[in-house]
Amino acid sequence: MKIIDLLNREQLSLSFEVFPPKTETAFESVKEATEEIAKLKPAFMSVTYGAGGGTSKYTLDIAKNIKELYDVPTLAHLTCVSSIKETVREKIEQIKEAGITNVMALRGDIPAELMDADRSGWDYKYAIDLIHELKSANADFCIGGACYPEIHPESATQKDDIKRLKEKVDAGCDFLTTQMFFDNNLLYNFLYKIREAGITVPVIPGIMPITNANQVERAIKLSGSFMPQRFKSLVDKFGSSPAAMKQAGIAYATDQIIDLYANNITNVHVYSMNKPDIAAKIQSNLSDILGK
Ligand code: FAD
């Protein structure tokens, strides 16, 4: 099932993201967690790709397992920046062989030590290069791309970032998923700008439930996201009490999703981070709205 064919529903639907284990020893526990999430029957599940490709085998193993056992459509992430053509082509063949039709085409983060390196000889510099590769792979992939309501950290201006995004979409992105954000107005503003720039593909907002205080710093570092005062107050108040912080973080994410749906956004991706209890709680908070 192609993800693009799931995005035209009028009712709210949720998708969940999981990440593969880094080691063989962790495989079984991660597999179990992802299966628990699959039992919630989300619209689809995405499986991330380890930075530098370290967990690439597990990405496909997890995606294939969810699809085959639970009949949940899966989206396999793939990055390109640290790879050579031969490796990427091999990975694309493996995705085809696994029967996975949805691929999230990402550049990946540039390792800190290569940030100032001469990139002219690299096989892949941007996600668009991977999209070209997927398009010429003789497979009818449904291709997703990443976008950044608060600008990608390497872009000088939002105008530049949106110009590059348009090129990426024109190269063959069927849909986009956003970086996490904690203020929905930033998303609405971004949507307005990209639609004006002629980007018309569906955009799936990505919502990250922050359920413990330690996550806050990491999330900001990773995404550069703006933390509204309302969210900061919540962390101040509940950050030292794990159970209360978890409840408040889930409520905040639920609230963001309700507001998105009230503004006619029907597909929301939840960064559920291999936590079935959090995915289940968000889903049950929205049960009447989801009709589940
Ligand atoms: P690009 O689209 O290539 O953009 C990167 C930067 O380059 C932007 O500033 C863009 O404006 C600029 N740019 C693009 N094209 C050009 C051009 N032709 N010339 C000049 N500048 C250009 N990382 C992982 O390692 N694994 C994952 O599974 C993963 N999943 C993700 C899922 C989502 C939804 C998101 C939002 C991010 C994810 N990431 C993942 C992180 C992502 O790899 C990084 O954010 C990375 O830095 C950028 O990837 P991209 O695909 O957006 O890159």
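Relevant structure appears above.
Residues numbered from 1 in each chain as written. Predicted model: local features only at pLDDT ≥ 70, side-chain atom pairs only at ≥ 80, totals over all residues. Heavy atoms only, no water.

**Student:** What is the right way to look at the site of the ligand in this model?
**Tutor:** Residues in contact with the ligand amount to 23 residues; listed here are only the nearest, Tyr49, Asp109, Tyr148, Ser155 and Asp161. Here Asp109 contributes a side-chain N or O atom positioned 2.6 Å from an oxygen atom of the ligand. Summarising the interface, the protein chains cover 85% of the accessible area of the ligand, which totals 980 Å² for the free molecule. Of all the secondary-structure elements, those providing two or more residues to the shell around the ligand are β3 (74-79), β4 (102-106), α5 (158-172) and β6 (175-180). Grouping the amino acids of the shell around the ligand by side-chain chemistry returns 9 nonpolar, 9 polar and 5 charged. (Near = heavy atom within 4 Å. Polar contact = N/O pair within 3.5 Å; in protein donor to acceptor, adjacent residues only side chain to side chain. Areas by Shrake-Rupley, 256 points an atom, 1.4 Å probe, with all protein chains shown as cover. Helix = DSSP H or I, 4+ residues; strand = E, 2+ residues; numbered from the N terminus. Nonpolar A, V, L, I, M, F, W, Y, C, P; charged D, E, K, R; others polar.)

**Student:** Which parts of the structure should I look at to understand the environment of Asp116?
**Tutor:** Residue placement: Asp116 occurs in the loop between β4 and α4 (127-135). Each C-alpha atom, one on Asp116 and one on Ala139, is 35 Å from the other, the two residues being 23 residues apart in sequence.

**Student:** Help me understand the nonpolar core, please; the structure alone is not making it clear to me.
**Tutor:** Among soluble globular proteins, nonpolar side chains are generally buried collectively. Formed by 64 residues in total, the largest nonpolar core has its most connected members in Leu14, Leu176, Ile257 and Ile282. With 6 residues, the single largest contributor to this core is helix α2 (residues 56-70). Discounting residues that sit within four places of it in the chain, Ile282 has contacts with Leu14, Pro209, Ile250, Ala253, Thr254, Ile257 and Val270. Grouped together as the second largest cluster of nonpolar side chains are 14 residues, Met180, Ile210, Met245 and Tyr271 included. (Core = buried A, V, L, I, M, F, W, Y, C linked by side-chain atoms within 4.5 Å. Buried < 20%, exposed > 50% of the residue type's maximum accessible area, 1.4 Å probe, protein only. Contact = heavy atoms within 4.5 Å.)

**Student:** Help me out: how do you make sense of the packing of α5 against helix α6 (residues 184-196) in this one?
**Tutor:** Between two packed helices, both the angle of their axes relative to each other and the distance between the axes serve to describe the pair. It is the contact of α5 with α6, at a shortest axis distance of 10 Å, that shows an interaxial angle of 60°. When the interaxial angle is binned, α5 and α6 end up oblique. When you trace α5 past α6, the crossing you get is right-handed. Residue-level inspection shows Gln158, Ile162 and Leu165 of α5 in contact with α6, the latter providing Phe190, Lys193 and Ile194. Of the residues belonging to the contact of α5 with α6, the class tally is 4 nonpolar, 1 polar and 1 charged. (Axes fitted to C-alpha atoms, helices over the stretch in contact; angles between N-to-C directions. Parallel < 35°, antiparallel > 145°, perpendicular 65-115°, else oblique. Left-handed = near helix turned anticlockwise from the far one by under 90°.)

**Student:** Looking at this structure, how should I read the packing of aromatic side chains?
**Tutor:** What characterises a pair of aromatic rings is the spacing of the ring centres plus the angle enclosed by the ring planes. Here the structure, examined in full by the defined rule, presents 3 aromatic pairs. Ring geometry for Phe27 against Tyr58: centres 5.6 Å apart, planes inclined by 40°, an arrangement best described as tilted. With a gap of 31 residues between them, Phe27 in helix α1 (residues 27-38) and Tyr58 in helix α2 connect regions that are remote in the sequence. Across this residue pair, the class does not change: Phe27 and Tyr58 are buried. Members of the aromatic cluster, each reached through a chain of ring pairs, are Phe182, Phe231 and Tyr252. If you follow Lys85 out to its NZ or CZ, it ends over the ring of Tyr124, 5.3 Å from the centre. (Phe/Tyr/Trp six-rings, centres within 6.5 Å; stacked < 30°, edge-to-face > 60°. Lys NZ or Arg CZ within 6 Å of the ring centre and 35° of its normal.)

**Student:** Can you help me understand the sheet that holds β6 in this one?
**Tutor:** Remark on secondary structure: sheet strands pair via backbone hydrogen bonds, oriented parallel or antiparallel. Taken in spatial order, the 8 strands line up as β1-β2-β3-β4-β5-β6-β7-β8 and close into a barrel, and their pairing is parallel. Strand-to-strand twist in this sheet, taken as the mean axis angle between neighbours without regard to direction, amounts to 30°. The sheet contact formed by strand β1 (residues 13-18) and strand β2 (residues 45-47) spans 3 bridges and is parallel. Each residue of the ladder has a partner; that of Phe16, found in β2, is Met45. Against the sheet, helix α9 (residues 242-262) touches β1, β7 (203-207) and β8 (267-270), its axis set at about 160° to β7. (Pairing = 2+ DSSP bridges.)

**Student:** Can you help me understand the pairing of β3 in this one?
**Tutor:** On a regular strand, one side chain projects to one face of the sheet and the next to the other, so that they alternate. Of all 6 residues making up β3, 6 are buried, and the element is well covered by its neighbours. Where burial is concerned, the two faces of β3 agree: the one with Thr74, Ala76 and Leu78 and the one with Leu75, His77 and Thr79 are both buried. In terms of strand pairing, β3 meets β4 through 5 bridges, oriented parallel. Counterpart to His77 in the pairing with β4 is Met104. Note on the crossover from β3 through helix α3 (residues 85-97) to β4: the handedness is right-handed. (Right-handed = clockwise from strand over helix to strand, strands pointing away.)

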